[in-house]
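# Reading the structure
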Amino acid sequence: MASILLQNVSVEIPVFSNDSRSIKNSLLKNFSKEKASIQSVTALHEVNLNLKDGDRLGVMGPNGAGKSTLLRTIAGVYQQSIGHIDVKGSIVSLIDISLGMDMEATGYENIRMRAIMMGMKLKQIKIIEEEIADFTELGKFLELPVRTYSTGMHMRLGFAVSTTVPADIILMDEWLSVGDSDFLIKAEKRLHDYIQKSSILVIASHSEDLISKLTNQTLRLEHKA
Amino acid sequence: MTLHSTLKLGLEELKEGFTCHERWLYMAIQDIKLRYRRSVIGPWWVTISTGFMVLMLGFLWSHIFGSDLENFFPFFAVGMVLWGWMSGQILDAAGGYFQFGGVIKQIRLPFPIFTLRLNVRQLIILAHNTIIIALVLLLIGKGLSWINLIAIPSLILIQLNLTLLSIVVTIFCTRYQDMTQVVTVGTTIIFFFTPILWQVEILKDRTYLVEMNLIYHWIETIRAPLLGHLPSVSNYLWSLASLAVLSLLATYFLGRYRSRIAYWL
């Protein structure tokens, strides 16, 4: 049973100037009269959400409205300054598919590294290695360092690795599209299958089309001065 | 947040970090493999360069101090190898969490994972460097004895100290970027204040200079059994006391700042 509950959640992101990053200045501040406080930006203001199994939420809004911040807050990366959050279930975020990829390491090593980072056991990894090799059609290239890959090959690997580890909750920032037309169809299918297996999807996008096709609820974030 | 809930949060984070050992062990081994990918002898390069330095400087300094080689050389060699391992971890920690920024901003992982990953890298290098210690003990020193084995539990005790200290230093250096310089300079100063190049007897009646030095006790806890005698009770007391203090400090730092670190990157 996966669920996401946000009650009156606000997120303030502190903006650090060079001054506040220095301990000298932080110490000196204690002696000076003016109390210079760290400025912060309100990225989310009183957001309420209640998602259960089977929910597919589309998040819309202009650039800078807080879509990515919302995803990061659900993922537990950013902590809310006010409000209450309760997320149950394993999370995979597809915000950056080349997360943690090392250019010097081989394709296989990158697969293992990422899978380990996502909490897979070494025993399980053997199986996904074969599956990814099959899907990406990279063949012998997987034994070479990633730096020798073309952009397309790089994307394929990142995409395949990201969509392998199963999770209850999937967080996406824009729909992923990778590769040439042949591969595109394959990738679309894989992504749909992957999302099917999850119980909750949260996707941020600008495209009305995509949101209406994929989701059953929409959240609109607005700018506020 | 009350002190109690802060410590509880920190303890949880610490526990989670230590228990997913499969992750940090694998990552550290992978890091080492990658770094030396393009060289045939790999991390043995570090061993060779450390070995050469110890050899050259060992002869030079034993001459300067006028001490006999059999006594000074093993003392210096063991001290240098251990110092490389200790200072390496603190300097890694002073780099802050910046190198893991991409990961930290996308998935929520217990922060000790990253510190342990860095610590294990240094442990792997130390494991290679033990060959220097073994060679020096066999060829110049008193040879190997059963007492040497006491160095292993000592090493675990000091590694725990270093890991907790690394967590505190990393969080501090992530928040205040000018701390990296301070830690780097501080580490160099401590090197000269700690009996590694010079032996305690040189201080004559001013031995309080080392008795008050925590790092001396850390080094001595491991070095003494390697040189064939038992560490003193005060070595152990200092190391255990620092372990207690650092546990508390690391737990507090993790509990207090865990949720802030992502904003600092």
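Below, the structure is looked at part by part. All figures in this text were calculated on a predicted structure; none of them were measured in a lab. (Residues numbered from 1 in each chain as written. Chains lettered and ligands numbered in written order. Predicted model: local features only at pLDDT ≥ 70, side-chain atom pairs only at ≥ 80, totals over all residues. Heavy atoms only, no water.)

Residue and element names in this part refer to chain A. Taken in spatial order, the five strands make up an open sheet running β5-β6-β7-β3-β8, and their pairing is parallel. Each edge of the open sheet carries a strand with a single partner, namely β5 (91-94) and β8 (217-220). Neighbouring strand axes in the sheet, compared pairwise and without regard to direction, differ in orientation by 15° on average. Pairing of strand β6 (residues 169-173) with strand β7 (residues 200-204) involves five bridges; the strand directions are parallel. Looking at the pairing, L171 lines up with V202 of β7. (Pairing = 2+ DSSP bridges. Helix = DSSP H or I, 4+ residues; strand = E, 2+ residues; numbered from the N terminus. Axes fitted to C-alpha atoms, helices over the stretch in contact; angles between N-to-C directions.)

Another point: the side chain of B:S239. Summarising the element assignment, B:S239 is placed in helix α11 (residues 233-257). In this view, B:S239 contacts B:L157, B:I158, B:N161, B:H217, B:W218 and B:T221; residues no more than four positions away in its chain are not counted. (Contact = heavy atoms within 4.5 Å.)

With that out of the way, let us pick up the pattern of salt bridges. Tallying each qualifying case throughout the model produces 15 salt bridges over all chains. A:K88 is the partner of A:D86 in a salt bridge, and the nearest nitrogen-oxygen pair spans 2.9 Å. With a shortest N-O distance of 2.8 Å, A:E109 and B:R37 are connected by a salt bridge. Within this pair, whereas A:E109 is found in helix α3 (residues 107-117), its partner B:R37 is found in the loop between α2 (21-35) and α3 (44-65), the two belonging to separate chains. Residue A:E109 is classed as buried on the basis of its relative accessible area, which comes to 7%. Classification of B:R37 as partly exposed rests on a relative accessible area of 30%. (Salt bridge = Lys/Arg side-chain N within 4 Å of Asp/Glu carboxyl O. Buried < 20%, exposed > 50% of the residue type's maximum accessible area, 1.4 Å probe, protein only.)

Ranked by size, the top nonpolar core spans 148 residues in total, and within it A:L6, A:L157, A:M172 and A:V202 carry the most contacts. The residues contacting A:M172, other than those within four sequence positions of it, are A:L71, A:L94, A:L191, A:I195, A:L201, A:V202, A:I203 and A:A204. (Core = buried A, V, L, I, M, F, W, Y, C linked by side-chain atoms within 4.5 Å.)

Our next topic: the sheet that holds strand β2 (residues 39-51) of chain A. Residues and elements named next belong to chain A. If you walk across this open sheet you meet the three strands as β2-β1-β4, and the pairing is antiparallel. The outermost strands of the open sheet, each flanked by one partner alone, are β2 and β4 (82-88). Averaged over all neighbouring strand pairs, the angle between strand axes comes to 30°, with direction disregarded. Pairing analysis gives nine bridges linking strand β1 (residues 3-15) to β2, with the strands arranged antiparallel. Looking across to β2, one finds that V15 is bridged to Q39.

Following the criterion strictly, the structure yields 19 aromatic pairs over all chains and no others. Ring centres of B:F172 and B:Y176 lie 5.7 Å apart, and the angle between their planes is 70°; on these two criteria the pair is classed as edge-to-face. Classification of B:Y176 by relative accessible area gives buried; the value is 16%. Ring-pair connections join several aromatic residues into one group, and the members of that group are B:W61, B:F65, B:F72, B:F75 and B:F76. The ring of A:F183 has A:R156 lying over it, and the distance from NZ or CZ to the ring centre is 4.6 Å. Its end group placed over the ring of A:F135, A:R190 keeps NZ or CZ at 4.3 Å from the ring centre. (Phe/Tyr/Trp six-rings, centres within 6.5 Å; stacked < 30°, edge-to-face > 60°. Lys NZ or Arg CZ within 6 Å of the ring centre and 35° of its normal.)

With that out of the way, let us pick up the packing of helix α4 (residues 122-136) of chain A against helix α5 (residues 151-162) of chain A. The relative placement of two packed helices is expressed as an angle between their axes plus a distance between the axes. Residues and elements named next belong to chain A. Packing of α4 against α5 brings their axes to within 10 Å, and their N-to-C directions diverge by 140°. As far as their axial angle goes, α5 and α4 are oblique. At the point where α4 passes α5, the crossing takes the right-handed sense. On α5, the residues touching I132, F135 and T136 of α4 are R156, L157, F159, A160 and V161. Class assignment for the residues of the contact of α4 with α5 results in six nonpolar, one polar and one charged. (Parallel < 35°, antiparallel > 145°, perpendicular 65-115°, else oblique. Left-handed = near helix turned anticlockwise from the far one by under 90°. Nonpolar A, V, L, I, M, F, W, Y, C, P; charged D, E, K, R; others polar.)

Shape descriptors only; they carry no functional weight alone.
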